[in-house]
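Structural characterization, general
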Amino acid sequence: MRLRTVIAALAAGLAAATSVTAAGPAAASAHPGTGHACSPSVAIDRFSDALDKTAYDGTFVGNLSALAVDGHGSLAALSDRSALFDLDTTTLAPKAVVPLADEKGAALDSEGLVVDRDGTRLVTSETEPSIRRYSRAGRLLDRLPVPPALLVAPAGRATANQTFEGLTLLPGGHTLLASMEYAISGDATNIVRFQTWNRTGTGTTGKGGGFELGAQYAYRTDAGAGLGVPEVQATPDGRLLVLERGFTSGVGNTVRLYLADPRHATDTSGVENLTDGQSGVRLIRKTLLTDLVTCPSLGATAKQPQQNPLLDNIEGMVITGQARGRLKVLLVSDDNQNAAQITRFYFLRVRVAR
């Protein structure tokens, strides 16, 4: 994983979003520069429900599954109902919406998002799964290859709606990484695969947009908790922030944030079956940053049982900048267009040890 110009691929986009704030009565704010501690590594500054159950230009603003910083200073927000929103970085108010479709014009179950350095959008769908590239206007440009084993059965060993949820571009812009949400058939139930692609310098965009299959790594989710991986985000030094999430009826959501390091993990692309504790396979190492249930609720309310009313079905995450030695991290929950759930943005500051 090359780290050429470590900050360069992120710096422009991150700097553009350092002023992201929540506005309006639905936002709860902390004293500037202090925050409310969730753990020694994570503090929450505020949350915003300002977009919950709203619409823009005839499109429901919700079902949000991914976030990305746009090079034009906007925040891109992906709906899993095949729509891509452009949000104002200060108010979160939608400024534009672009519909997305597959090669046949059908809607996507769109889950992961990267705004590439040329402004094109890389979008995952968890039904095949797939990664497609779109122009800013939503025109389909090309499609990346996917390893046969990660395809949904019977073509492969994956389960529908449990595939590519997270997507991130590593520092330097040469390597793309997608996280499977859950394990494929034949692997241990708490071992999920992270697939990478290496930039080839060719592609239909003519700006270095092409990617070919790269290494694959194995990541262990918390055993016994039934957690999957809804999102990953690369840190400026090439490590990963990883969300693990689950839901228990009558109890609510579990959401944990980890710092993970794939740089010394085994390439598992040639390993047919992965088991916990498997000899010769080094998993991605991870360190718990926080379980979000420990965050102060900040006066948040929930529409269904939650151990902490602040929590909901958190799916999207993006690093929006750095301040005072901490990463500024924005999370969003997917309300599934359900009256019992909330579209909520969470403004965190995360300290990652060197």
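Residues numbered from 1 in each chain as written. Predicted model: local features only at pLDDT ≥ 70, side-chain atom pairs only at ≥ 80, totals over all residues. Heavy atoms only, no water.

This part is about the environment of glutamine 304. Relative to the assigned elements, glutamine 304 resides in the loop between strand 21 (285–291) and strand 22 (314–323). A relative accessible area of 18% means that glutamine 304 is categorised as buried. Glutamine 304 sits 38 residues away from isoleucine 342 along the chain, and the two C-alpha atoms are 9.7 Å apart. (Helix = DSSP H or I, 4+ residues; strand = E, 2+ residues; numbered from the N terminus. Buried < 20%, exposed > 50% of the residue type's maximum accessible area, 1.4 Å probe, protein only.)

Another aspect to go through is the environment of arginine 132. Within the fold, arginine 132 resides in strand 12 (residues 130–134). Given the relative accessible area of 2%, arginine 132 is considered buried. Sequence separation between arginine 132 and serine 110 is 22 residues; the distance between their C-alpha atoms is 9.9 Å. Those residues in contact with arginine 132 that lie beyond four places of it in its chain are Asp102, Glu103, Leu108, Arg121, Leu122, Val123, Ser125, Leu140, Asp142 and Arg143. A distance of 3.0 Å separates a polar atom in the side chain of arginine 132 from a polar atom in the side chain of glutamate 128. (Contact = heavy atoms within 4.5 Å. Polar contact = N/O pair within 3.5 Å; in protein donor to acceptor, adjacent residues only side chain to side chain.)

Residues Leu241, Leu257, Leu289, Leu292, Val329, Leu331 and Val350 are the most contacted members of the largest nonpolar core, which totals 25 residues. Mapped onto this core, the elements with two or more residues apiece are strand 3 (42–48), strand 19 (240–248), strand 20 (252–261), strand 22, strand 23 (326–333) and strand 24 (345–350). If you look at the next biggest cluster of nonpolar residues, it comprises 17 residues, including Val69, Phe85, Val332 and Phe347. (Core = buried A, V, L, I, M, F, W, Y, C linked by side-chain atoms within 4.5 Å.)

Within a beta sheet, neighbouring strands are joined by backbone hydrogen bonds and run either parallel or antiparallel to one another. Spatially, four strands are ordered 18-19-20-21 in an open sheet, and the strand pairing comes out antiparallel. Two strands lie at the open edges of the sheet, namely strand 18 (228–234) and strand 21, each paired on one side alone. Strand-to-strand, the axes of this sheet are offset by a mean angle of 25°, without reference to chain direction. As defined by bridge partners, strand 20 adjoins strand 21 across six bridges and the pair is classed as antiparallel. Each residue of the ladder has a partner; that of tyrosine 258, found in strand 21, is leucine 288. (Pairing = 2+ DSSP bridges. Axes fitted to C-alpha atoms, helices over the stretch in contact; angles between N-to-C directions.)

This part covers the pattern of salt bridges. Where charged atoms of side chains with opposite charge meet at close range, the side chains can pair. Taken as a whole, this structure holds 26 salt bridges when the rule is applied. Taking the shortest distance from any N to any O, the salt bridge between arginine 256 and aspartate 222 comes out at 2.6 Å. In this pair, arginine 256 is assigned in strand 20 and aspartate 222 in the loop between strand 17 (211–220) and strand 18, connecting sequence segments 34 residues apart. When the shortest N-O distance is used, the salt bridge between lysine 286 and glutamate 244 registers 2.7 Å. Of this pair, lysine 286 sits in strand 21 while glutamate 244 sits in strand 19, placing them 42 residues apart in sequence. A network of salt bridges, in which partner residues are shared, links Asp116, Asp118, Arg133, Asp142 and Arg199. (Salt bridge = Lys/Arg side-chain N within 4 Å of Asp/Glu carboxyl O.)

Once that is clear, we can look at the sheet that holds strand 10 (residues 110–115). Pairing is antiparallel across the open sheet formed by four strands, whose spatial order is 10-11-12-13. Looking at the sheet topology across the chains shown, the edges are occupied by strand 10 and strand 13 (140–143). For this sheet, the mean angle separating the axes of adjacent strands, direction not counted, is 25°. Note: strand 12 against strand 13, three bridges, orientation antiparallel. Looking at strand 13, one finds that arginine 133 is bridged to aspartate 142.

What follows deals with the state of the cysteines. For the structure on display, the rule yields one disulfide. A sulfur-sulfur distance of 2.0 Å marks the disulfide that ties cysteine 38 to cysteine 295. Between cysteine 38 and cysteine 295 the sulfur-sulfur dihedral comes to about 110°; the bridge is accordingly right-handed. Of this pair, cysteine 38 sits in the loop between strand 2 (36–37) and strand 3 while cysteine 295 is found in the loop between strand 21 and strand 22, placing the two residues 257 residues apart along the sequence. With respect to class, cysteine 38 is no different from cysteine 295; both count as buried. (Disulfide = S-S within 2.5 Å.)

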